[in-house]
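Survey of secondary and tertiary structure
Spelled out from the first residue to the last, the chains are:
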Number of protein chains: 2
Amino acid sequence: MKLQSRARRTLVSAGVAAAVLVSAVAAAATGSFGGGTPDRSAGLAKQIDPDKPRNVILLIGDGTDESIITAARNYEKGADGAFALDRLPFVGDMTTHGLKVGPGPDYPIAYVSDSAPTASAWSTGHKTVDGRVSQGPSTADTVPGQDFRTVLMDWRDSGRRTGNVSTSEITDATPAAAASNVNARACQGPADMANCVAARKANGGKGSIAEQLVDNEIDVILGGGLNRYNQATDAGPSVLDYAEDAKDYRFVSSAAGLDGIGSLGGGPVLGLFAPGNLTPRYSPLIATPPPGAGGPTARCSLANRGTQPSLAAMTEKAIDLLDNRRGFFLQVESAMVDKQEHAADICGAIGDVSELDDALEVALDYRRHNPDTLIVVTSDHAHSTQIVPNGSSGRQTATLLTADGDPMSVAYSTQAVGSSHTGSTVRVAAVGPQAANVTGLIDQTDLYWTLKGHKPSKLHGGGKH
Amino acid sequence: MKLQSRARRTLVSAGVAAAVLVSAVAAAATGSFGGGTPDRSAGLAKQIDPDKPRNVILLIGDGTDESIITAARNYEKGADGAFALDRLPFVGDMTTHGLKVGPGPDYPIAYVSDSAPTASAWSTGHKTVDGRVSQGPSTADTVPGQDFRTVLMDWRDSGRRTGNVSTSEITDATPAAAASNVNARACQGPADMANCVAARKANGGKGSIAEQLVDNEIDVILGGGLNRYNQATDAGPSVLDYAEDAKDYRFVSSAAGLDGIGSLGGGPVLGLFAPGNLTPRYSPLIATPPPGAGGPTARCSLANRGTQPSLAAMTEKAIDLLDNRRGFFLQVESAMVDKQEHAADICGAIGDVSELDDALEVALDYRRHNPDTLIVVTSDHAHSTQIVPNGSSGRQTATLLTADGDPMSVAYSTQAVGSSHTGSTVRVAAVGPQAANVTGLIDQTDLYWTLKGHKPSKLHGGGKH
């Protein structure tokens, strides 16, 4: 029965970090003697590790705030269930605001931001304006700001391997911010440079996002966006030909092709599995005006993803290829949560929260034998999905049958048409060396320092616990 | 300038827990040498305390989720500012779902709940249905469920002092759940018992919520709701007369009257400062259809609260009176955040988040000299306020000038008329003994065990760090 809810959840707990698992087992045990949970203080203390991580795995759910996480948890696991991301020991809230173009240096605050400045904030430690990719603010959208070095590039420059994985076009804002600098996120391929004229290679610039990801020699690039790579560079050949011929990338375009790559010995890997974005796990269920889409018995249906790999499969292969003695930095994005929320598609959004969580499970599996790995799971910005009472008069609503066997309703109402980002803080959770730094309230620019490896605090000694 | 945002926030940090403060100072210092924040691992480890607390102060913001906290922070402190609640070292997410009436024992899940079952969950460790006050579920709203002992009553029974403070009627659901058992939250006074006939004292029941709070001999009761106490009991006299004559309560009705109470030596204290709810800090600014209420230069204005004390003043007095060698349990609620969100009143909601935070500052002041005090700050359920892009086409919007000097817009759109609770997890933050137990994902029924004093974990030794 549902009255003693935690007992049920702790019983289904699959091992994450050892201390958390032990707590869960203990909770289940004491639960059987009449309820109650044991103190977790000592277990949490054991998880605090001030060392610099050898590896960093940063997992991003685009637009994945507490509200869509709760909706996805209810649907997939039940209200008393838990995702892997729920079991990470350290949790905080992260602010996501950006700036607006202006005369500077005191740019106005943008309380709701897009993925470009938010991903740039953790990638560079600097705030910037909507649409801008790891480049500072300026007086107008088309005027370039200052290029900032990204944390992925810092890791690369220190001799570590790097990876960049997304379910969107790999040239979309979040993966772009990890390893390119450009004034407009739209400048994804060499044919898309209308708003970034100075950045064209023909004009002496760094080129489009597609070209920069290749020029920056990221070891593993996996996602969508083949159409961008088929565009001709200013020099003539396609970006894909340039990647293969000038930069030794091995190109794959299917899950089977990706499976066939065994190591990085043959060169870096460029996997592009769709012309545009990859297909979400579930087919769409688009919210409609009340009484809304779906209903009390509606479940989501799996989409046909053809030969595309799942996010977990891409993550597993990326980790396999990047694993080495010196360490690596890997960014993984479940991108379609955001895009399906924009479309008021509750099934699409829920399914790709699960994609994120499955990718996290892969990362946690690796960490079990590589505890010097920092794993951070967070989001770039909050979004529009609200869990509302059944029968809500929200503008666009949908109802689904959850894993509990009960109906859950959601609404999308931020705009008259479509659905927008929102400005709430987002959840940040972590495990591993320096993971304690995500607790409390942090900003996305603070996360940069955690990913980079903090300056050690001289005030507390910093010994292990 | 706003680019290196954290430096600004950490500079304004007013001391909370020592280690957090030290980290802030260190951050500001390293910031002046080119940016970067120090590792907080050791500081967090020092804050882990597995002892059982001598005192518990539980602060509730009704309907106070991350979204309204972010809006209030932006308005009051700026996007890079911080409330006291932002500086607590341990943070988690808390699930808030309840149950629906039914044949049982497997009651359907309610994914959006009201304040009665959510407050009952942390008060008793049990889930229940909408409208029910620390009493289990049943087949219909008017059929009583099983009474559950509350954590406040457990502390009282162990010889500790207790307090119950709210800015709503003290008989409203959240303060009611702390120390009464009844099947319908509407049964606030003896004249309100239509849905709780069996609970009437004339029928051998425990009586209305107003009567139960008095019968349960809470040492300090402060809030609104005088009208309920002026109702006649089944035995004839008003509840207020009964409280004074039979239970030795001293009644006060103004801030000055409350100031005049120096100790509990003269008996327990019943302070009722308004016929109904207390007045929120700010006068209302009600969101309207686009282009919305307020504007890019609009600020909230202080309401005239007459002789009513602030929540911080009530909290300070309650702590002064309750402080004793054996310890106390105090629940403090900032109730009007929820009620003003229902009214789409952004100023009312923001102001009473600040009321909550000011009350927390009082509690933290006390904890500075009484570190064996557990302080928990959380909410009962999520709500409707969304921070949206300026110019949003949300159903009802408002725009305010924030502390940054920039315009922030919010929208209320969950319902065609009015605004509803939502089903997201809420933030839970804590400092003090056992505070580490709020990290990760917990349920409101888990919080019960933390407030009660966990079963000590035998698996980890539980030594101090």
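Now for a look at the structure at hand. (Residues numbered from 1 in each chain as written. Chains lettered and ligands numbered in written order. Predicted model: local features only at pLDDT ≥ 70, side-chain atom pairs only at ≥ 80, totals over all residues. Heavy atoms only, no water.)

All names here are of chain A. The tally for this structure, following the rule as stated, stands at 40 salt bridges over all chains. The shortest N-O distance in the salt bridge between Asp215 and Lys201 comes to 2.6 Å. With a gap of 14 residues between them, Asp215 in helix α8 (residues 209–215) and Lys201 in the loop between α7 (173–179) and α8 connect regions that are remote in the sequence. Residue classification places Lys201 among the partly exposed positions, given a relative accessible area of 30%. Glu217 serves as the salt-bridge partner of Lys247, at 3.3 Å between the closest nitrogen and oxygen. Of this pair, Lys247 sits in helix α10 (residues 239–247) while Glu217 sits in the loop between α8 and β6 (220–224), and the two are 30 residues apart along the sequence. Judged by its relative accessible area of 41%, Glu217 falls in the partly exposed class. Through salt bridges that share partners, Asp114, Asp172, Arg185 and Lys339 make up one connected network. (Salt bridge = Lys/Arg side-chain N within 4 Å of Asp/Glu carboxyl O. Helix = DSSP H or I, 4+ residues; strand = E, 2+ residues; numbered from the N terminus. Buried < 20%, exposed > 50% of the residue type's maximum accessible area, 1.4 Å probe, protein only.)

Mapped onto the elements, Leu44 of chain A comes out in helix α3 (residues 41–47). Excluding anything up to four places from it in sequence, Leu44 of chain A contacts Pro89 and Phe90 of chain A together with Ile48, Phe90, Ala436 and Thr439 of chain B. (Contact = heavy atoms within 4.5 Å.)

Another point: the sheet that holds strand β15 (residues 426–431) of chain B. All names here are of chain B. Strand order across the open sheet formed by ten strands is β7-β8-β6-β5-β10-β1-β11-β15-β2-β16, with mixed pairing between neighbours. Looking at the sheet topology across the chains shown, the edges are occupied by β7 (250–252) and β16 (440–443). Between one strand and the next, the sheet's axes are offset by a mean angle of 15°, whatever the strand orientation. Relative to β16, strand β2 (residues 90–95) is paired through four bridges, and the arrangement is parallel. (Pairing = 2+ DSSP bridges. Axes fitted to C-alpha atoms, helices over the stretch in contact; angles between N-to-C directions.)

Attention now moves to the sheet that holds strand β5 (residues 161–169) of chain A. Residue and element names in this part refer to chain A. If you walk across this open sheet you meet the ten strands as β7-β8-β6-β5-β10-β1-β11-β15-β2-β16, and the pairing is mixed. The sheet terminates laterally at β7 (250–252) and β16 (440–443), the two strands that pair on one side only. Pairs of neighbouring strands in the sheet enclose a mean axial angle of 15°, with direction left out of account. Contacting β1 (55–61), β2 (90–95), β10 (328–334), β11 (373–379) and β16, helix α15 (residues 444–452) runs over the sheet at an angle of about 90° to β16.

Let's shift gears to the state of the cysteines. Residues and elements named next belong to chain B. As enumerated under the stated definition, the model contains four disulfides over all chains in all. The partner cysteine of Cys187 in its disulfide is Cys196, sulfur to sulfur 1.8 Å. For the disulfide bridge between Cys187 and Cys196, the dihedral angle about the S-S bond is near 80°, and by the sign convention the bridge is right-handed. Residue Cys300 pairs covalently with Cys347 via a disulfide, S to S 2.0 Å. Judged by the torsion about the S-S bond (-85°), the Cys300/Cys347 disulfide is left-handed. (Disulfide = S-S within 2.5 Å.)

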